[in-house]
Amino acid sequence: MTARPSKSNTVLPGFKPALGYTIFYLSLIVLIPLSAVFLKTTLLTWDAFWATVTAPRVLASYRLSFGAALLAAVINGVFGLLVAWVLVRYRFPGKRLIDAFVDLPFALPTAVAGIALTAVYSTNGWIGSWLEPHGIKVAFTPLGVVVALTFIGLPFVVRTVQPVLEDLEAEAEEAAASLGANRYQTFTKVILPSLWPALLTGFALAFARAVGEYGSVIFIAGNMPMVSEITPLLIITKLEQYDYSGATAIAVVMLVISFVLLLAINGLQWWSSHRHTK
Amino acid sequence: MSIEIRNVRKNFGSFSALNDISLDVPSGELVALLGPSGCGKTTLLRIIAGLESPDQGQVLFNGEDTTERHVRERQVGFVFQHYALFRHMTVFENVAFGLRVRPKQTRPTEAEIHRRVHELLNLVQLDWLADRYPPQLSGGQRQRIALARALAVEPKVLLLDEPFGALDAQVRKDLRRWLRRLHDELHITSVFVTHDQEEALEVADRIVVMNKGVVEQIGTPGEVYDNPATPFVYHFLGNVNLFHSRVHAGFARIGELELEAPEHAAAADAAALAYVRPHDIDIQREPDGASAFKAEVSFIHPIGPIVRLELRREDNSEIVEAEVTRERFRELDLKDGESVYIKPRAMKLFLAEAA
């Protein structure tokens, strides 16, 4: 099952230049800028670093940033799957239009998205004014952060699940039905397990995007310290105060947490796609 | 359980896949739906299963109308051409699937499920693969697992869609004999779809030959092979030579040859096509009265136990294909370009209107 590129007998030429270029490119675009973050942080003493990254206001922002991003990714996992399902399985007028709408969060400048969401969800906005009597406030609360992060993460889940769903063979579902499974059982026991790897990928992408999101959130969040202030905003604040090392210190913590979480999701995904072939 | 199909029609857009099909499958028989691709045989099978619904007509199981019944409730075992195994489940879980999805009241206990699944895996001789996943199995193994999975729900009817179509020649042969033996043990009413006449002739109790959405002939393998009802059936069940002839009062005239055709005693100087199988062509070195064509040997292909010959008729240069055993070939000691005398040993005449 495993094809390992070997020196003597590989069909694909150019393994070495391709790998060399890949490493060079990744270094230039990803590794060097990121290592600069780490280097800059080393200007701080360990105590100063620790004091910066564990300040109560910073800790509250981690909770909000990662918590809201996870929640948004979960919401996107569920509803993104639903959207992909509807787009693949049913035929209805306007399907192409809806299919195109899905990509809008990709294309829209995030600030525009943030302002639009704020306008709609503020207490006198279209949806906000309707939610307000029920005691639900969205704009300028952590809930608003979740809404914004859900908005920008949606396309990831839809676009990763959609092609897999399209390729799913109808025969497996027919087989399940002929064996007596009802629709719910067919979905949970046959369809969903095949979609897991793609769903996890979409989830990870949506989560990663949400953790780093800045533009759309700062408009709707209200940015109250300890309540609705996201970590990227704290970094910007530090930069505006010329506290570069403080900013990179927080960035380093974010990077490490994100990396560990993404690694865990990747591991889960590898496990879910490889356990049936061992 | 017997299956009756009553006047079933099915169209896909303007394409008529099934055109007024009626068919009986008696309880316990193994029936083959045989035909070229696009003849509607798979559609018919899927309608029997309930995976497709007919535009018109009925499907009856044991005399009971099941046309409107969902596939879930029909108690059919369906085996797909490409197996359709659940990739993310072990072989054991695949076979157990049908038992596990039963509602709580009728679901067997875990111990009972284990017993049943291992019994079925033993039946298909693959118990040692219980913990593997489908992608780790060979095609033949997958198909046997698919069969075990279908049998797990104790279906009243077993339906197989080109069950050996995706397998290589040797595995196909083994597996179809094995299927025949299995059927002799279980006696479950079974219908399988195939485009391979050899497979149908070897395995089935009865063959339903289909073409372009209609049934051409139903009969035992012997009947359809020896007594094809239509020119299509004759063509489809093996190689054939065609001779233009005229039939008059019980005699058929092919070129200079006059042969008895008692079944067409009433025909008066009618055009007809004579169908002759290559192995029904008799070859002689010496003329045997006037009842043979003179022909020239133009090609000799030895194929395993038989030798296939191409012969060019002297009177009109048409090519006649003949098959002789190796023994007979050695006896005749034929070479390219030699002249021989040939005549049909047996033939089937179809009058021009029917052909």
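Just so it is clear, the model here is predicted, and its values are computed rather than measured. (Residues numbered from 1 in each chain as written. Chains lettered and ligands numbered in written order. Predicted model: local features only at pLDDT ≥ 70, side-chain atom pairs only at ≥ 80, totals over all residues.)

Another aspect to go through is the overall build of chain A. Tallying secondary structure elements over chain A gives 13 helices and zero strands in all. Listed N to C, the secondary structure of chain A is α-α-α-α-α-α-α-α-α-α-α-α-α in terms of helices and strands. With respect to the principal axes defined by its C-alpha atoms, chain A has extents near 65 × 65 × 30 Å. For chain A, the residues scored as buried account for 34% of the 278 residues in total. Taking as baseline every contact in chain A between residues at least 6 positions apart, the subset at least 24 positions apart corresponds to 77%. (Helix = DSSP H or I, 4+ residues; strand = E, 2+ residues; numbered from the N terminus. Buried ≥ 20, exposed ≤ 12 C-beta atoms within 10 Å, placed from the backbone. Contact = placed C-beta atoms within 7 Å.)

Here we come to the sheet that holds strand S7 (residues 157-161) of chain B. All names here are of chain B. In space, the six strands of this open sheet follow the order S6-S7-S8-S3-S9-S10, with mixed pairing throughout. Only two strands of the sheet have a single partner each, and these edge strands are strand S6 (76-79) and strand S10 (214-219). Along the sheet, successive strands turn relative to each other by an average axial angle of 15°, direction set aside. When S6 meets S7, the two strands line up parallel, connected through four bridges. When the bridges of S7 are listed, Val76 appears paired with Val157. (Pairing = 2+ DSSP bridges. Axes fitted to C-alpha atoms, helices over the stretch in contact; angles between N-to-C directions.)

Here we take up the pairing of strand S3 (residues 30-34) of chain B. Residues and elements named next belong to chain B. Summarising burial for S3: five of the five residues are buried, a large majority. Where burial is concerned, the two faces of S3 agree: the one with Leu30, Ala32 and Leu34 and the one with Val31 and Leu33 are both buried. Pairing analysis gives five bridges linking S3 to strand S8 (residues 189-194), with the strands arranged parallel. Across the sheet, the residue bridging to Leu33 is Val193, located in S8. Two elements, S3 and strand S9 (residues 206-211), share four bridges in a ladder whose sense is parallel. Residue pairing in the sheet places Leu34 in a bridge with Val209 of S9.

Once that is clear, we can look at the packing of helix H2 (residues 91-100) of chain B against helix H3 (residues 110-123) of chain B. Residue and element names in this part refer to chain B. The geometry of H2 relative to H3 is characterised by a closest axis approach of 10 Å and an angle of 125° between their N-to-C directions. The angle between H2 and H3 falls in the class oblique. In the crossing of H2 with H3, the sense of the turn from one axis to the other is right-handed. Contacts between H2 and H3 involve Phe92, Val95, Ala96, Leu99 and Arg100 on the former and, on the latter, Ile113, Arg116, Val117, Leu120 and Leu121. (Parallel < 35°, antiparallel > 145°, perpendicular 65-115°, else oblique. Left-handed = near helix turned anticlockwise from the far one by under 90°.)

Here the focus is the packing of H3(B) against helix H4 (residues 139-152) of chain B. A pair of packed helices is characterised by two quantities: the angle between their axes and the separation of those axes. All names here are of chain B. Their axes nearest at 9 Å, the elements H3 and H4 cross at an angle of 140°. Overall, the two elements H3 and H4 adopt an arrangement that is oblique. Crossing geometry of H3 relative to H4 is assigned as right-handed. The segment H3 lies against H4, with Arg116, Val117, Leu120, Leu121 and Leu123 engaging Ala148, Leu151 and Ala152. The residue makeup of the contact of H3 with H4, split by class, is seven nonpolar, no polar and one charged. (Nonpolar A, V, L, I, M, F, W, Y, C, P; charged D, E, K, R; others polar.)

This part is about the UniProt feature "domain: ABC transmembrane type-1" (unreviewed entry) in chain A. With numbering matched to this structure, UniProt assigns "domain: ABC transmembrane type-1" (unreviewed entry) to residues 62-265 of chain A. For the annotated span residues 62-265 of chain A, helix accounts for 78% and strand for 0% of the residues, and the straight-line distance between the end C-alpha atoms is 19 Å. (UniProt positions renumbered as here; feature names shortened; annotations may be inferred.)

Let's shift gears to the interface of chain B and chain A. Facing 21 residues of chain B, the contacting portion of chain A comprises 18 residues. Looking at the side of chain B that touches chain A, the elements with two or more residues in it are S6 and H2 of chain B. Partitioned by chemical class, the residues of the side of chain B that touches chain A number 13 nonpolar, four polar and four charged.

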